[in-house]
Amino acid sequence: MKNDMIKYFKIVGFVLVLATVFGACEGDFLEKPAGSDITIDTVFVSTSNAQQTIFYLYHDDFFGADNIALNWWDNPQAYASWSEIGDDLYPSHKGLGKSKTYISGAVNSSSGQMYGLDWMYLAVRSANTFIEKASTIPTVSEEDDAYVDKMLGEAHAHLSYQYFKGMKLWGSVPWIHQRLEGGEEAIPRPSFSDFVDSMVVHLDIAAELLPARWEDRWQGRFTSVAAKTLKAKILVYAASPLYNGEIPNYASGYEHPEVLGYGSFSNERWKRAADACKEAIDAAHAAGYGLYQGSGEEKNIYDLAISLTDEHILYQTFESANSEGGWKYCHNMMNWPYGIGWYNRTDVMYQPTIQHIDAYQLSNGAFPIDGYDNNDPMQPIISQAGMDAGYTDQDYHLNRDTRFYQNVVYHGSKFGENYNNKLINFDADPTVPDRTHGDHSEFKTSFMARKFVNEALGESPSITYRPVHPILRLADLYLLYAESLSEYNGAPTGDAIFYLNEVRSRSGMPDYDAANYKGASDKEKFHNAIKYERKVELFLEAQRYFDLRRWKEGDDLTTNMGGIIINNGAVSRIDINFSRIFNEKMYFHPFHSSWVNNTEGLYQNPGW
């Protein structure tokens, strides 16, 4: 991984120049930054200079899964992640970051934003500038010409990538197709339909210009496969209920409903999404991508979270410094388990809740927990399958989906097995010998996240914390395709079931059985199967928050969190006094009031 894109190309002086060239001003952030013309022509005097514009777009300020909190100084995400808001987690870092208002339901148009329009348009301006200037870059060979074309493809891909980030938060946003100078007419938000089609057009261009694979030294950059996969994902989102149907009731009377979605349902949108998914899958297979299975059923998901594999289509990796000037990318992800040997960190303990644990199927594919009395996690309803399997809270960890063991550190499990043979002991009684955790007041659920943590840390100084954060991976694409096929056909097809089973079988889970899922129809049961797979397969990958919103199932996010306590070996459920609240108007996030006030033509989303 030493040649990965993300650890390269950040020369400090050059980046400061780019920040000036592409930076946003304090007023209308769509306009030309002050003084930018001083240096822009010097940026495009050679391919080596011009490529810095592209490298700038891969910085973690703009590019990344945002799945695990970064250090407080890493803007705009800073000490927060979408996983904290969407996955069933207790994110116990110091005071929480910007995620706090989203979790509590208190977010408003004055709140700090997890990803702001000002940051998004900073990246858009950079991409538009390269597209505008690409034809002026002097080249010295056919190879140089080809490289400029590839970078042009990257610029088109990054443009759509940024707008998709915007779409997931706000619906359509003003489409800027050129480098603005200031003084132009106000640019309105386009219709949702036009917005989606524009992203698709740019990704089609990108797919034509980009290679299916880059040489090793350029790993991590956009490829034609990534462009096609991103297109497929955008079209699946666009076909989903939030956008592909009537405008939500709370937005009734909103003056600009066309920016929130199509306003009516068309099943053909699912067909368009399915076709795009199949095209991306075929391209991925042809380029040598495949589900990672190199570590066996019991370790595959864990290992692909810390190692680059052929399943990773687009991803983000981190290094403490690059080899071309010493610029430091974000290198401290806040996902350290507290108090276990060398891992003694208090910054963040991503603690899965009892709701997350209860959600895992048994190894036979059935669910042991059927819900809760009065929606209270202290009162689980044991399913018939759970009773047949002899489920008790005392033995909650027995015979579960292997992804449970790969995602979660729990009492009685092993952790850091490469150098520590002791079992994890989370007993709360301080007189119990060989406890392996501290008594930190914020350790509340008695679970910790295992995914994305290299258990070999501490074995030697040469082993570092370098997780691979997937933005697009093949398992995600398989599930999107299976979902699209079932939605379009009104029931799961053979191909839909096949691709779902490919993801399940990689972890040793039995094939899809509709009898294990709730639903009044085959389509509903299969939707719940997709919902399950995406919850456990893509845990901590910043997917669930956006999945639940696009399905208009945001109510699932309103939860009173629970955990367990172990006292002299006895397991009991506890209320951890932590709640997550989802308000219906959060289906479309607010624009910050300063953006609306300072940008002519930008109007607020409904309810804010």
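Here the structure is shown first, and the text comes after it.
All values reported here derive from a predicted model rather than from experimental measurement.

Participant: I'd like a description of the overall build of the protein, backed by residues and values.
Facilitator: A tally of regular secondary structure across the protein gives 19 helices and 10 strands. Buried positions account for 60% of the 608 residues belonging to the protein. Within the protein, contacts between residues at least 6 apart in sequence are counted, and of these 70% link residues at least 24 apart. Counting every atom, the protein has about 21,800 Å² of accessible surface; 48% of that belongs to carbon and sulfur.

Participant: So what's going on with the nonpolar core? Which residues, and what values?
Facilitator: Core analysis: the largest hydrophobic core is formed by 153 residues, its most contacted members being Phe 130, Tyr 163, Val 196 and Phe 222. Ranked by residue count, the leading element in this core is helix 7 (residues 142–170), at 13 residues. Filtering out sequence-adjacent residues up to four positions away, Phe 130 remains in contact with Phe 44, Ala 50, Thr 53, Ile 54, Ile 137, Val 148, Met 151, Leu 152 and Ala 155. Among the nonpolar cores identified, the runner-up in size contains nine residues, and Ile 68, Leu 89, Ala 449 and Leu 540 belong to it.

Participant: Tell me about the pairing of strand 8 (residues 469–473), residues and numbers included.
Facilitator: Of all the five residues making up strand 8, five are buried; the element is thus mostly covered by neighbouring parts of the structure. Judged from the four bridges that link them, strand 2 (residues 312–316) and strand 8 form a sheet pairing that is antiparallel. Bridging across to strand 8, His 312 finds its partner in Arg 473.

Participant: Tell me what's going on with helix 15 (residues 474–489), and back it up with residues and numbers.
Facilitator: The end-to-end C-alpha distance of helix 15, which contains 16 residues, comes to 23 Å, matching closely the 22 Å that a straight helix rising 1.5 Å per residue would cover. Counting buried positions over the 16 residues of helix 15 gives 14, a clear majority of the element. In the segment just after helix 15, Gly 490 is the residue with positive phi, at about 80°.

Participant: Tell me what's going on with the pattern of salt bridges, and back it up with residues and numbers.
Facilitator: Here the idea is simple: oppositely charged side chains can pair when their charged atoms come close. With the rule as written, the count across this model stands at 33 salt bridges. Asp 197 is paired through a salt bridge with Arg 272; the nearest N and O atoms lie 3.1 Å apart. On the criterion of sequence distance, the pair formed by Asp 197 in helix 8 (residues 192–209) and Arg 272 in helix 10 (residues 268–286) is long-range, its members being 75 residues apart. For Arg 272, a relative accessible area of 35% gives the class partly exposed. The closest approach of N and O atoms between Asp 358 and Arg 573, which form a salt bridge, is 2.9 Å. Of the two residues, Asp 358 sits in helix 12 (residues 354–359) while Arg 573 sits in strand 10 (residues 570–580), which places them 215 residues apart along the sequence. Residue classification places Asp 358 among the buried residues on the basis of a relative accessible area of 4%. Look at Arg 573 and you get buried, because its relative accessible area is 13%.

Participant: Got a sec to walk through the packing of aromatic side chains? Specific residues and values, please.
Facilitator: Summed over the entire model, instances satisfying the criterion amount to 39 aromatic pairs. Aromatic rings pair up to connect Tyr 360, Tyr 396, Phe 404, Tyr 405, Tyr 410 and Phe 447 into one cluster.

Participant: Tell me what's going on with the environment of His 527, and back it up with residues and numbers.
Facilitator: In this structure, His 527 sits in helix 17 (residues 522–537). For the pair His 527 and Ser 486, spaced 41 residues apart in the sequence, the C-alpha separation amounts to 8.0 Å. Filtering out sequence-adjacent residues up to four positions away, His 527 remains in contact with Glu 487, Trp 551 and Glu 553.

Participant: Now, about empty space enclosed by the protein: what can you tell me, with residues and values included?
Facilitator: Tallying each qualifying case throughout the model produces four cavities of 30 Å³ or more. In this structure, the largest cavity occupies an estimated 280 Å³ of space. Lining the largest cavity are 20 residues, and of these Gly 64, Ala 65, Tyr 161, Lys 165 and Lys 168 lie nearest its centre. Mapped onto the lining of the largest cavity, the elements with two or more residues apiece are helix 7, helix 9 (224–239) and strand 8. The element that contributes the greatest number of residues to the lining of the largest cavity is helix 7, accounting for five residues. Each residue belonging to the lining of the largest cavity can be placed in one class, and the counts come to 13 nonpolar, two polar and five charged.

Participant: Describe helix 8, naming the residues involved and giving the relevant values.
Facilitator: Taking 1.5 Å of rise per residue, 18 residues should cover 26 Å, and helix 8 covers 26 Å from first to last C-alpha, within 8% of that figure. The set of residues buried in helix 8 consists of Phe 192, Phe 195, Val 196, Met 199, Val 200, His 202, Leu 203, Ala 206 and Ala 207. Take helix 8 and look down its axis: the buried residues cluster within an arc of 165°, on one side only. In this fold, the buried residues of helix 8 make contact with helix 7, helix 9 and helix 10.

Participant: Could you give an account of the side chain of Arg 580, naming the residues involved and the relevant values?
Facilitator: Secondary-structure assignment places Arg 580 in strand 10. For Arg 580, the side chain forms a polar contact with the side chain of Asp 88, separated by 2.8 Å. In terms of polar contacts, Arg 580 uses its side chain to reach the backbone carbonyl oxygen of Leu 557, at 2.6 Å. When neighbours within four sequence positions are excluded, Arg 580 is seen to be in contact with Ile 85, Gly 86, Asp 87, Asp 88, Ile 103, Arg 544, Asp 556, Leu 557, Thr 558, Thr 559 and Met 561.

Participant: Outline the layout of surface pockets, listing residues and values.
Facilitator: Space inside the largest pocket adds up to approximately 1,000 Å³. Every residue lining the largest pocket is counted, 34 residues in all, and those nearest its centre are Ala 359, Ile 369, Gly 371, Lys 518 and Asp 556. Broken down by secondary-structure element, the contributors of at least two residues to the lining of the largest pocket are helix 12, strand 4 (369–372), helix 13 (384–388), helix 17, helix 18 (544–550) and strand 9 (559–567). Broken down by element, the residue count for the lining of the largest pocket peaks at five residues, all from helix 17. In terms of residue class, the lining of the largest pocket is made up of 12 nonpolar, 10 polar and 12 charged.

Participant: I'd like a rundown of the packing of helix 9 against helix 15, residues and numbers included.
Facilitator: With their axes 10 Å apart at the nearest point, helix 9 and helix 15 run at an angle of 40° to one another. When the axis of helix 9 is compared with that of helix 15, the two are oblique. Relative to helix 15, helix 9 is oriented so that their crossing is left-handed. On helix 15, the residues touching Thr 229, Ala 232, Lys 233 and Val 236 of helix 9 are Asp 476, Leu 477, Leu 480, Glu 483 and Ser 484. For the contact of helix 9 with helix 15, a count of residues per class yields four nonpolar, two polar and three charged.

The rules behind these values
Residues numbered from 1 in each chain as written. Predicted model: local features only at pLDDT ≥ 70, side-chain atom pairs only at ≥ 80, totals over all residues. Heavy atoms only, no water. Helix = DSSP H or I, 4+ residues; strand = E, 2+ residues; numbered from the N terminus. Buried < 20%, exposed > 50% of the residue type's maximum accessible area, 1.4 Å probe, protein only. Contact = heavy atoms within 4.5 Å. Areas by Shrake-Rupley, 256 points an atom, 1.4 Å probe, with all protein chains shown as cover. Core = buried A, V, L, I, M, F, W, Y, C linked by side-chain atoms within 4.5 Å. Pairing = 2+ DSSP bridges. Expected span 1.5 Å × (residues − 1). Salt bridge = Lys/Arg side-chain N within 4 Å of Asp/Glu carboxyl O. Phe/Tyr/Trp six-rings, centres within 6.5 Å; stacked < 30°, edge-to-face > 60°. 1 Å grid on protein atoms, 1.4 Å probe; cavity = no way out; pocket = protein on both sides within 12 Å on 5 of 7 lines; lining within 4 Å. Points joined across faces, edges and corners; volume = space filled by probe spheres on them. Nonpolar A, V, L, I, M, F, W, Y, C, P; charged D, E, K, R; others polar. Arc of directions from axis to C-beta. Polar contact = N/O pair within 3.5 Å; in protein donor to acceptor, adjacent residues only side chain to side chain. Axes fitted to C-alpha atoms, helices over the stretch in contact; angles between N-to-C directions. Parallel < 35°, antiparallel > 145°, perpendicular 65-115°, else oblique. Left-handed = near helix turned anticlockwise from the far one by under 90°.

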